[in-house]
2 protein chains.
Amino acid sequence: MTKTGHVEMVHGGGGRAMADLIDGLFLRYLKNPCLEQAHDAAVLRPQSGRPVLTTDGHVVSPLFFPGGDIGALSVHGTLNDLAMAGAMPVALTVSFILEEGFSLADLERIVRSMADAARAAGVPVVAGDTKVVERGKGDGVYISTTGLGIAPEGVDIGPHRVQPGQAILLSGTIGDHGCAILSKRENLGFETEICSDSAALHRLVAAMIAISPSIALLRDPTRGGLAATLNEVAHAAGVGMALEEAAIPVHQDVAAACELLGLDPLHIANEGKLVAICDAGDADALLKAMRDDPLGRQAMRIGSVVEDDAALVEMTTRFGGRRIVDWLAGEQLPRIC
Amino acid sequence: MTKTGHVEMVHGGGGRAMADLIDGLFLRYLKNPCLEQAHDAAVLRPQSGRPVLTTDGHVVSPLFFPGGDIGALSVHGTLNDLAMAGAMPVALTVSFILEEGFSLADLERIVRSMADAARAAGVPVVAGDTKVVERGKGDGVYISTTGLGIAPEGVDIGPHRVQPGQAILLSGTIGDHGCAILSKRENLGFETEICSDSAALHRLVAAMIAISPSIALLRDPTRGGLAATLNEVAHAAGVGMALEEAAIPVHQDVAAACELLGLDPLHIANEGKLVAICDAGDADALLKAMRDDPLGRQAMRIGSVVEDDAALVEMTTRFGGRRIVDWLAGEQLPRIC
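Rules used in this analysis
Residues numbered from 1 in each chain as written. Chains lettered and ligands numbered in written order. Predicted model: local features only at pLDDT ≥ 70, side-chain atom pairs only at ≥ 80, totals over all residues. Heavy atoms only, no water. Helix = DSSP H or I, 4+ residues; strand = E, 2+ residues; numbered from the N terminus. Rg over C-alpha atoms; globule rule 2.2 N^0.38 Å. Buried < 20%, exposed > 50% of the residue type's maximum accessible area, 1.4 Å probe, protein only. Contact = heavy atoms within 4.5 Å. Areas by Shrake-Rupley, 256 points an atom, 1.4 Å probe, with all protein chains shown as cover. Lys, Arg positive; Asp, Glu negative; His and termini not counted. Charge placed at Lys NZ, Arg CZ, Asp CG, Glu CD. Salt bridge = Lys/Arg side-chain N within 4 Å of Asp/Glu carboxyl O. Disulfide = S-S within 2.5 Å. Expected span 1.5 Å × (residues − 1). Phe/Tyr/Trp six-rings, centres within 6.5 Å; stacked < 30°, edge-to-face > 60°. Lys NZ or Arg CZ within 6 Å of the ring centre and 35° of its normal. Pairing = 2+ DSSP bridges. Axes fitted to C-alpha atoms, helices over the stretch in contact; angles between N-to-C directions. Domains from an automatic or database assignment. Buried area = accessible area lost by both parts, 1.4 Å probe. Polar contact = N/O pair within 3.5 Å; in protein donor to acceptor, adjacent residues only side chain to side chain.

A few words now on the overall build of chain A. Tallying secondary structure elements over chain A gives eight helices and 14 strands in all. Computed over its C-alpha atoms, the radius of gyration of chain A comes to 21 Å, within 12% of the 20 Å expected for a compact globule of 337 residues. Over its C-alpha atoms, taken along the principal directions, chain A stretches across nearly 65 × 50 × 35 Å. Here chain A holds 337 residues, and 62% of them are scored as buried. Taking the contacts inside chain A whose residues are at least 6 apart along the sequence as the reference set, 85% of them involve residues at least 24 apart. Carbon and sulfur atoms form 49% of the exposed surface of chain A, whose accessible area is close to 12,400 Å². With 27 positive and 42 negative side-chain charges, chain A shows a spacing of 5 Å between the two charge centroids.

Structure below.
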C-alpha cells in the first residue's frame, strides 16, 4: 500500500491513500455486506428486544502478548461488556488511531486477529474509522470498539438485584491476562508460560441465562481485577461480600509471578473471566452449566453477599484469618487493556 | 479530583481515582438514566426500524478552535454520519484516550461542550470509557464517538441509487471548518474571523426526507472536502459529475485564506454541510426545504450527475473553462477532525 511499509500521515488524509488502506487492509479481512455498503454508517436489519450499547478504548502495551493481541482483545472486551448485560451481540464498530511510522505488517496482523475473533464470535464489524496522528502522538495503534447487542425480555441484570444471601461465582482463574502482559514488559524481565485468558464470554453467558434467567449480576473483572469489580458492586448495591480465598482459583505461575513482583492477583486484570451473583439455590445448577462450557471449566463458588452498611469486601484467608479486600486508590498496572 | 489539576496515570487504573473522575466529571455533565446504570453497557428501550451504526475517531488539532472544540465536533460528526444514512439518532457512546498531564480544566471544558451539543441535539450519551496513556503517547485527548440511529422504512440512501440526470445540491459554504482549524495552527500565522461550521444536521435531513423520501444520496463532505466526497460517490456509483464553480458558495474569508495558502476550498474539510443527490424534478422543492432550515440557508444546486464510465468529476469554472476535480493522492490537511 505504500513503498515504505509504514503508516504515513497521508493514510489519514481522506484521499486516495486512505481509500487504498481501507480497501487493501480493513475490507480485505473484515469484509461483510454491511461494511461493503462503503458508507460512514451501516444500516442493519430490524432487531426485536432491548438494544444494548457499550464502548471500550484499547491502549494495551505491548500490542502483542502471549495468548493474544490488541486486535482480538478489542473484540473480546466489547463482546464481554455486552454479555455482562445479558445481551447477545449483533454488530461491532471499530475506530483506529494509528501513529505515523507504525508497521503496516503489524497493522495487518492486528486486523487479521480482530477479524478472526469477530468471525469466531459470529459478529460482524459493520463500520469503522481510521485516523493517523504524527509520530510521538500515539503508540502504534489505539482501538476503540463499540458493540450493539440485544437483551432478551425478562433478563434484568444489575447491582440493584444484588441481595444479602446470594452466592458469588467465578468462572475460572484470575490474573492470567495481567501477568501475560507484565511478562512482556521489558523492564520487568521475568519469564513465564502464562497466556492471556482473552476470550469472548457471550456463549457462556447464554448457557447460564438458559439455566437461570433470574441471575442477578454478571461482571467481567478487567481493570482493577476481581477486587475492584466486587468493591464497585458492593458499593452500588449497598451490601458486603464475604469471600473464601481457598476457593478462588489462581494458576500457580500467576501466583509465583505475583509473589515475585509483590502484586495481589485480586488486583490484576482478566479478559476472559466473569463473576456472577445469583440466588443461593441456583448456585449449583449454574456452576454445572459453567463447568460444561470450555470457558468455565474451573468455575467456583467463591463467597456470599452479606449485609454490611459499610459495603466492605472481606476475605477469609487460607490460614483462617480475615482481611479487607480493598480496591486500589493508586494505579497498579496501566495500559493493561 | 487531583491535587495537580492534571490527568495522571492513576485516572486510568480502574481504581478509585478513575471512579472519582467518572463521577466528578463525566457523569456530572453527561448525566442521564442510561449512563447512571453505572454499568459498562447501557440497556435501551426497544426501537422499531432499522438500526444504523457509525463510529468516528476525533484527533483534531488544536483541541479548541473558532466555532467549536473536539467535544462538540465529536458529537456533531457522529450525528451527521447517522443523518447521512437517513437515520434519526437514538444514542451515543464515547471513548476517551487521555494523555498523562492533560489539563483537567480543559477536559472539563470539552466534556461540557460535548454535553451541550448532545443536549441540543436531543441525544443521550449512554455509555463511555476512559483510558490514560503516558506523556508523549497521545496529544491531550482523543475521542472516539459511536452513534446508534434508526432509519425509517422506505428510505434507501446510497450510491446505488445515484443515476445520470439527477441534481447535486449543497447545503451551504464550503471550507469553513478546515480554515478555522488552520487559522489556529501556530506555524501558519494567518488571522481570520472564519468559524468552523460544526453542527448537527439530523433535523435538516429530517425536513429534507419529509419533502422527498426518495432522495438518492446524502453525504457530509468532511476529510478531503467536497472533492473527495463527490469522487467517492462517482466511483461507487459508476457515474460522472458536472459541477458549476459559480454555484458553489465559498465565504470570502475562506477564499482569501485559500488563495494565501495555495489551497483549494474543494479539498478542505467541512463539519456542518451536506451534499444531496436527488431526482431533478425534486430539486427545487428540496432546495426550498433546505433554505427554510437555519443550517441550509445558503443551499445551492451545484451541478448534475452525468454518464461517464471513467467516473470523473468535472467543473465548469467561473471563466467558462472546464477542469477535472480530482481527489488528492497525498495528504493536504491532517488532524482536521
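Further notes follow.
A side chain with one charge may pair with a side chain of the opposite charge, provided their charged atoms come close. Applying the stated criterion to the full structure yields 26 salt bridges over all chains. The salt bridge partner of A:Asp56 is B:Lys131, with a shortest N-O separation of 3.4 Å. Here A:Asp56, found in strand 2 (residues 50-58), pairs with B:Lys131, found in strand 6 (residues 125-133), and the two come from separate chains. There is no split in this pair, since A:Asp56 and B:Lys131 are both buried. Of the charged contacts, one joins B:Asp139 and A:Lys137 as a salt bridge, the two residues approaching to 3.6 Å between their closest N and O atoms.

All right, on to the state of the cysteines then. Summed over the entire model, instances satisfying the criterion amount to zero disulfides over all chains. Between A:Cys337, a cysteine without a disulfide, and A:Cys179, which holds the nearest cysteine sulfur, the sulfur-to-sulfur distance is 15 Å. In this structure A:Cys337 comes out as buried when scored by relative accessible area, which is 5%. Unpaired in this structure, B:Cys195 has its nearest cysteine sulfur neighbour in B:Cys179, at a distance of 12 Å. Given a relative accessible area of 42%, B:Cys195 falls into the partly exposed group.

Right, let's get into unusual backbone geometry. All names here are of chain A. The linkage connecting Ser61 with the following residue, Pro62, adopts the cis geometry, with an omega of 5°. Positive phi, normally seen in glycine, also occurs at Ala311, with a value near 55°. Assignment of secondary structure puts Ala311 in the loop between strand 12 (300-306) and strand 13 (313-316). What makes Ala311 buried here is its relative accessible area of 14%.

Moving on, we come to helix 6 (residues 225-237) of chain A. Residues and elements named next belong to chain A. Over its 13 residues, helix 6 runs 19 Å from end to end, which matches the ideal 18 Å to within 8%, given 1.5 Å per residue. Here helix 6 has its buried residues at Gly225, Leu226, Ala227, Ala228, Thr229, Leu230, Asn231, Val233 and Ala234. In this structure, the buried residues of helix 6 make contact with strand 8 (167-170), strand 9 (217-219), strand 10 (240-244), strand 11 (275-278), strand 12 and strand 13. Of the residues one or two after helix 6, Gly238 is the one with positive phi, at around 70°.

The geometry of an aromatic ring pair is captured by the separation of the ring centres together with the interplanar angle, meaning the angle of the planes. Residue and element names in this part refer to chain A. Inspection of every chain in the model, using the stated rule, returns two aromatic pairs over all chains. Both rings, one in Phe26 and one in Phe96, keep their centres 4.7 Å apart while their planes meet at 40°; by these two values the pair is tilted. Placement of Phe26 in helix 1 (residues 16-30) and of Phe96 in strand 5 (residues 88-99) is noted, with a sequence separation of 70 residues between them. This pair shows no difference in class: Phe26 is buried, exactly as Phe96 is. Above the face of the Phe64 ring, Arg109 is positioned so that its terminal group lies 3.7 Å from the ring centre.

Strands sit in the order 6(A)-5(A)-7(A)-2(A)-1(B) across an open sheet of five strands; the sheet is mixed. Because the sheet does not close on itself, it has two edges, and the strands there are strand 6 (125-133) of chain A together with strand 1 (41-43) of chain B. The mean inter-strand angle of the sheet, taken between neighbouring strand axes irrespective of direction, is 15°. Summarising the sheet, strand 2 of chain A and strand 1 of chain B pair through three bridges and their orientation is antiparallel.

Turning next to the domain arrangement of chain A. Buried accessible area, meaning the area lost when the parts come together, often serves as the stated size of an interface. All names here are of chain A. Annotation of chain A at the domain level lists domain 1 (9-151) and domain 2 (159-324). On a C-alpha basis, the centres of domain 1 and domain 2 stand 28 Å from each other. At the interface, 22 residues of domain 1 touch 24 residues of domain 2. Buried area between domain 1 and domain 2, summed over both chains or domains, comes out near 1,800 Å², and the portion from carbon and sulfur atoms is 63%. Among the residues domain 1 hides against domain 2, the three largest losses belong to Pro66, Asn80 and Met84. Together they make up 34% of the total.

So, on to the sheet that holds strand 6 of chain B. One open sheet holds the five strands; their spatial order is 1(A)-2(B)-7(B)-5(B)-6(B), and the pairing between them is mixed. Single-partner strands in this sheet number two, and they are strand 1 (41-43) of chain A together with strand 6 of chain B. Neighbour to neighbour, the strand axes of the sheet diverge by 15° on average, direction disregarded.

Further remarks concern the interface of chain A and chain B. The interface of chain A with chain B comprises 72 residues on the first partner and 72 residues on the second. Taking both partners together, chain A and chain B bury about 5,800 Å²; carbon and sulfur atoms supply 57% of that area. The largest contributions to the chain A side of the interface with chain B come from A:Arg16, A:Leu53 and A:Arg223, which together make up 13% of the buried area. The tally of links between chain A and chain B comes to eight salt bridges. Between B:Arg335 and A:Glu134 there is a salt bridge, with the nearest N and O atoms lying 2.5 Å from each other. Taken together, the connections running from chain A to chain B amount to 23 residue pairs in polar contact (both at pLDDT 80 or more). Listed by contribution, the elements that provide at least two residues to the side of chain A that touches chain B are helix 1, strand 1, strand 2, strand 5, strand 6, strand 7 (141-151), strand 9 and helix 6 of chain A.

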